[in-house]
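# Reading the structure
Chain residues, written in single-letter form:
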Amino acid sequence: MNSYDIVIIGGGPAGLAAAVSARDAGVERILILERDSELGGILNQCIHNGFGLHTFQEELTGPEYAARFIDQVEERKIPYLLNTMVLDVNHDRVITAMNKTDGLFQISAKAIILAMGCRERPRGALNIPGTRPAGIYSAGTAQRLVNMEGFLPGRKVVILGSGDIGLIMARRMTLEGAQVQVVAELMPYSGGLKRNIVQCLDDFGIPLKLSHTVVDIRGRERVEGITLAQVDENRRPIPGTEEDYACDTLLLSCGLIPENELSRAAGVDLSPVTSGAVVDESLETSVPGVFACGNVLHVHDLVDFVSQEAAAAGRSAAKYVQGQLETDETPIPVAAKGGVRYTVPARVHPHRMEEQQVVRFRVGAVYQNAYISVYFDDERVSRRKRQIMAPGEMEQVTLKREDLLSRPGLKSITVTIEEA
Amino acid sequence: MEKRQLTCIGCPMGCPITVTMEAGEVREVTGFTCKRGEAYARKEVTNPTRIVTTTVRVAGGLAPMVSVKTAQDIPKGKIFDCADALRAVTVKAPVSIGDVVLSNVAGTGVDVVATKAVAAAQ
């Protein structure tokens, strides 16, 4: 069995940044396993611009952003296997994978970085009534068909869900000559960025119907039409508000779910809120030597933050391999309360923290002029006003290592939203 | 006097901004909360521009399509002309990032460049 210091599962933005930082921290034997035929992950199909403002101070397209990191991996001669599917990861950090040239094989790793990304919520998870014809795609599938494979999946389109991929695809399909009739969103607010609503919908006169959902799909072989209805505050369709749309295609942009089958198999504790691993300040999961970063940990809005988080995971995995991450310190839990849905990390070992620890989280509703407060036990230690917070935008607070070290006996850290 | 309604794209607030125009000149901007909103609104009503991203076909490459973008932003009114012009373009592999696939697209004076490398098929 081949053995490596660090094996990274996934060669998308998270895996690439983790590999680069682990190598720069002095780890020689690193391997990236990627199931697609090229590195770069989802960025390869995200041909729109707006990536990299934080990392490179310029607006890049997805493939350009990926290329910057692929170049860094190539410069460092970090090995990777393409077209390679990981089938299992076990508690002893043995990875079972397969590809066409090597067949089925096992690799052992001193440390593993989980960077498998996320997948889209499919129709089957949405409970939409109606027939099951061809022409129903997740927005990301349509994105891959149009941008990478050169097929237009339909001509008359309705989009359910106003996540960013759905908004981006509304513009993309329109540019390719399709007629996008409407974007329907179940919630009373959009989960997408304002910029995308303006530049992908308003620019092309595509209406966005908030508090609406699809209540019927018609068509036997191919989608022939759908019915939209308004929903009440409990998200139940309101009788009498139904409107029929003739269309040949329905795109779904209804949320992303971290892809954690392998993590579960390895015995990693998962959060019911994020569907990703529960991690500490080092992005180490409940299984020693197994780290997680990027969208497999929690779904991000900006790839720049994925790269930052993954670089931290790479540094931590390097320390683990080099024997510098051992601790007998009891971690301090970071609790999410009062509108904060979760925090990453969910616990911190103060002695293992970097000087500054970014804690990322999402809120559960839209808040205006509210405060992000941090409590050490019962004492409020910081309070920052935010003009607006929304579930679609990740928020963060920064903890300082010295603040935690100066309070021995600290039992808990709480991040909460307080309204004025 | 003409009134135009905009949604600011500066942050998730999405302030509804109203711009009052007269003879092509901005007379009044209301509804914004910060400087970014006002600047955005003034630009958007006088000279709205966008970067256009799309794909073109590749001949003899490992991938059938290559992603492209306008090297600078172009007038918003030229988006469809730009997309139409690119539909007729096929590039020959190999393609490198930054290669010009179409110059002076739709008379904008802006070039369209590749945003991904595509190797030639063996």
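Residues numbered from 1 in each chain as written. Chains lettered and ligands numbered in written order. Predicted model: local features only at pLDDT ≥ 70, side-chain atom pairs only at ≥ 80, totals over all residues. Heavy atoms only, no water.

## Digging into the interface of chain A and chain B
Put simply, the rule reads: The contact rule is simple, with two residues in contact once any of their heavy atoms fall within 4.5 Å. When two components associate, each loses some accessible surface as probed by a 1.4 Å sphere; the sum of these losses over both components is called the buried area. Whenever a carboxyl oxygen of Asp or Glu lies within 4 Å of a side-chain nitrogen of Lys or Arg, that contact is scored as a salt bridge.
With 29 residues of chain A at the interface, the matching set in chain B holds 28 residues. Note on chain A versus chain B: buried area summed over both sides is about 2500 Å², and carbon and sulfur give 59% of it. Along the contact surface separating chain A from chain B lie 5 salt bridges. The salt bridge partner of Glu64 of chain A is Lys69 of chain B, with a shortest N-O separation of 3.1 Å.

## Some thoughts on the domain arrangement of chain B
What counts is decided by this rule: Segment limits for the domains were obtained from an automatic or database-derived domain assignment.
The assigned domain composition of chain B is domain 1 (2-47) and domain 2 (53-114). The centre of domain 1 of chain B, based on its C-alpha atoms, is set 31 Å off from the matching centre of domain 2 of chain B.

## Structural notes on the packing of helix H1 (residues 13-24) of chain A against helix H3 (residues 62-75) of chain A
When two helices pack together, you describe them by how their axes are tilted relative to each other and by the distance separating the axes. Residue and element names in this part refer to chain A. For clarity, the threshold we go by: Every axis corresponds to a line fitted to the C-alpha atoms, with the helix fit spanning only the stretch in contact, and the corresponding angles, defined between N-to-C directions, vary from 0 to 180 degrees. In this description a helix means any DSSP run of H or I spanning at least four residues, a strand means any run of E spanning at least two, and both kinds are numbered starting from the N terminus. The sense of a crossing depends on the near helix, which, turned anticlockwise from the far helix by less than a right angle, makes the crossing left-handed and, turned clockwise, makes it right-handed.
Contact geometry of H1 with H3 gives a least axis separation of 9 Å together with a crossing angle of 35°. Like other packed secondary-structure pairs, H1 and H3 cross with a definite hand, here left-handed. When H1 is examined against H3, the residues Leu16, Ala17 and Val20 are found in contact with a partner set consisting of Ala66, Phe69, Ile70, Gln72 and Val73.

## Comments concerning the pattern of salt bridges
Put simply, the test is: With a 1.4 Å probe rolled over the protein chains alone, any residue whose accessible area is under 20% of its type maximum counts as buried; one over 50% counts as exposed, and the rest are partly exposed.
All chains considered together, the criterion is met by 30 salt bridges over all chains. When the shortest N-O distance is used, the salt bridge between Lys76 of chain B and Asp203 of chain A registers 3.5 Å. Taken together, the positions of Lys76 of chain B in the loop between strand S7 (74-75) and helix H2 (79-87) and Asp203 of chain A in the loop between helix H6 (194-201) and strand S13 (208-210) put the pair across two chains. Look at Asp203 of chain A and you get buried, because its relative accessible area is 15%.

## Observations concerning the packing of aromatic side chains
Residues and elements named next belong to chain A. Applicable threshold: The criterion for an aromatic pair is that two Phe, Tyr or Trp rings (for Trp, the six-membered ring) have centres within 6.5 Å, with stacked assigned to planes under 30 degrees apart, edge-to-face to planes over 60 apart and tilted to the rest. We call a charge positioned over a ring when the NZ of a Lys or the CZ of an Arg lies within 6 Å of the ring centre and within 35 degrees of the ring normal.
Counted according to the given criterion, the structure contains 5 aromatic pairs over all chains. With a centroid separation of 5.5 Å and an interplanar angle of 70°, the aromatic rings of Phe56 and Tyr65 are classed as edge-to-face. Centre to centre, the rings of Tyr65 and Phe69 are 5.3 Å apart; their planes meet at 35°, and the pair counts as tilted. Of this pair, Tyr65 and Phe69 both sit in helix H3, 4 residues apart, which is roughly one turn of that helix. Residue classification places Tyr65 among the buried positions, given a relative accessible area of 0%. In textbook terms, an aromatic cluster arises when at least three aromatic residues are bridged by ring pairs, as seen for Phe56, Tyr65 and Phe69. Geometry around Tyr371 places Arg383 over its ring, the cationic atom sitting 3.6 Å from the centre.

## Overview of the sheet that holds strand S23 (residues 356-363) of chain A
All names here are of chain A. For clarity, the cut-off: Following DSSP output, two strands are said to pair if at least two bridges run between them.
The 3 strands are arranged S21-S23-S26 in an open sheet whose pairing can be described as antiparallel. Two strands lie at the open edges of the sheet, namely strand S21 (340-344) and strand S26 (395-400), each paired on one side alone. Sheet twist, expressed as the mean angle between neighbouring strand axes with direction ignored, is 30°. The sheet contact formed by S23 and S26 spans 6 bridges and is antiparallel. Its bridge partner lying in S26, Gln357 is registered against Leu399.

## Some details on H3 of chain A
Residue and element names in this part refer to chain A. Heads up, the rule is: Given the number of residues in a helix, its expected span is that number minus one, multiplied by 1.5 Å.
Across its 14 residues, H3 extends 20 Å between first and last C-alpha, which sits within 8% of the 20 Å expected from 1.5 Å per residue. What H3 keeps buried is the set Gly62, Pro63, Glu64, Tyr65, Ala66, Ala67, Phe69, Ile70 and Val73. Within two residues after H3, Lys77 carries a phi angle of roughly 50°, on the positive side.

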